[in-house]
Amino acid sequence: MRQIEIEGSSGFCFGVTTAIRKAEEELATGKQLFCLGDIVHNGMECDRLRRMGLATINHEQMEDLHHAKVLLRAHGEPPQTYQLAERNDIDIVDATCPVVLRLQRRIKQSYAENPEAQIVIFGKNGHAEVLGLVGQTEGKAIVVENMVDVKRLDFNRDIFLYSQTTKSLDEFNSIIEYIQAHISPTVTFRSFDTICRQVANRMRDIRQFASKHDVVLFVSGRKSSNGRVLFNACANVNPNSYHVECAAEIDLKWLEKADTVGICGATSTPKWLMEECRDFILSHSN
């Protein structure tokens, strides 16, 4: 009998759980609710909330919106979004993750106190959270995605380094080490570990989980930055790891020789979706 285990710490992080709860509470009143961008990087969960009445809009559509209610998701937004809401008489339901909100405030203060320094953010260009962080510096922060970008920094100017909350702690530490080795002794370098520990600890947990199963099914939306990082962690430990968005993408051939199957996911993966994957396998078992 094949054993199937869903990893205990997988599923929505605190910030996403709170955003979805707020959306559900607002939708329960029967009034129209808009969400600025996908509430979570998971198509299945977005479809579920859409059926409940949640309408997703982009920033251009928000420009034309007036006298409405808009939910800001856990990723956070730059100051310009709040200014637009005030101009257009839009009621904001702010579901920005508290961890992201603290990071925004720290970067804003750092920029105000050190306007000539390089405010550097380790993150993904264009990611919703990163756009909100860069917005705290009037668009002047420098985003680095990898070591190639880091090497382009001016090591003769002060550097204040932060990280997107869902990035890899190991990669962040490597960037710190490189800057420390190349920074001029006449300038200031300070780094701030702003990686969410709920996410960072998952990296450790998911590696351990992947190592004890014959096959691992990693369930997450392909837009999820956190999902890509965690799936790579699985694949590095267990080459029989497969990334799927839903049960329909599971190829049963992957499981033919597996006695144990592990199912896990990203901080944007709902528990019910992992359970659907488990039930799909069980329904096709001999």
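Here the structure is a predicted model, which means the values were calculated and not measured. (Residues numbered from 1 in each chain as written. Predicted model: local features only at pLDDT ≥ 70, side-chain atom pairs only at ≥ 80, totals over all residues. Heavy atoms only, no water.)

A.B. asks: Tell me about the sheet that holds strand S8 (residues 159-163), and please be specific about residues and values.
C.D. replies: Strands pair in a sheet through their backbones, by hydrogen bonds, and they do so in one of two ways: parallel or antiparallel. Pairing is parallel in the open sheet, where four strands are placed in the order S7-S6-S8-S9. The sheet is open, and its two edges are formed by strand S7 (142-144) and strand S9 (189-191), each paired on a single side. For this sheet, the mean angle separating the axes of adjacent strands, direction not counted, is 25°. Bridge analysis of S8 against S9 gives three bridges, and the strand direction is parallel. Across the sheet, the residue bridging to Leu 161 is Ser 191, located in S9. Strands strand S6 (118-122) and S8 of the sheet are contacted by helix H5 (residues 98-113), whose axis makes an angle of about 170° with S8. Here helix H8 (residues 169-182) sits on the sheet in contact with S6, S8 and S9, set at roughly 170° to S8. (Pairing = 2+ DSSP bridges. Helix = DSSP H or I, 4+ residues; strand = E, 2+ residues; numbered from the N terminus. Axes fitted to C-alpha atoms, helices over the stretch in contact; angles between N-to-C directions. Contact = heavy atoms within 4.5 Å.)

A.B. asks: How would you summarise helix H10 (residues 225-237) if you had to cite specific residues and measurements?
C.D. replies: Here H10 is 13 residues long and its end C-alpha atoms lie 19 Å apart, about the 18 Å a rise of 1.5 Å per residue gives. Every buried residue belonging to H10 is among Ser 225, Asn 226, Gly 227, Val 229, Leu 230, Phe 231, Ala 233 and Cys 234, and all of these are buried. Where H10 is buried, its residues meet helix H9 (197-211), strand S10 (215-219), strand S11 (241-244) and strand S12 (260-265). Where H10 begins, the capping side chain belongs to Ser 224, and its oxygen is found 2.8 Å from the backbone nitrogen of Gly 227. (Expected span 1.5 Å × (residues − 1). Buried < 20%, exposed > 50% of the residue type's maximum accessible area, 1.4 Å probe, protein only. Polar contact = N/O pair within 3.5 Å; in protein donor to acceptor, adjacent residues only side chain to side chain.)

A.B. asks: Tell me about the sheet that holds strand S3 (residues 54-57), and name the residues and values.
C.D. replies: Sheet architecture is open: four strands sit in the order S3-S2-S4-S5, paired in parallel fashion. With one partner strand each, in any of the chains shown, S3 and strand S5 (91-94) form the two edges of the open sheet. Strand-to-strand twist in this sheet, taken as the mean axis angle between neighbours without regard to direction, amounts to 35°. Relative to S3, strand S2 (residues 33-36) runs parallel, the two being bridged by four bridges.

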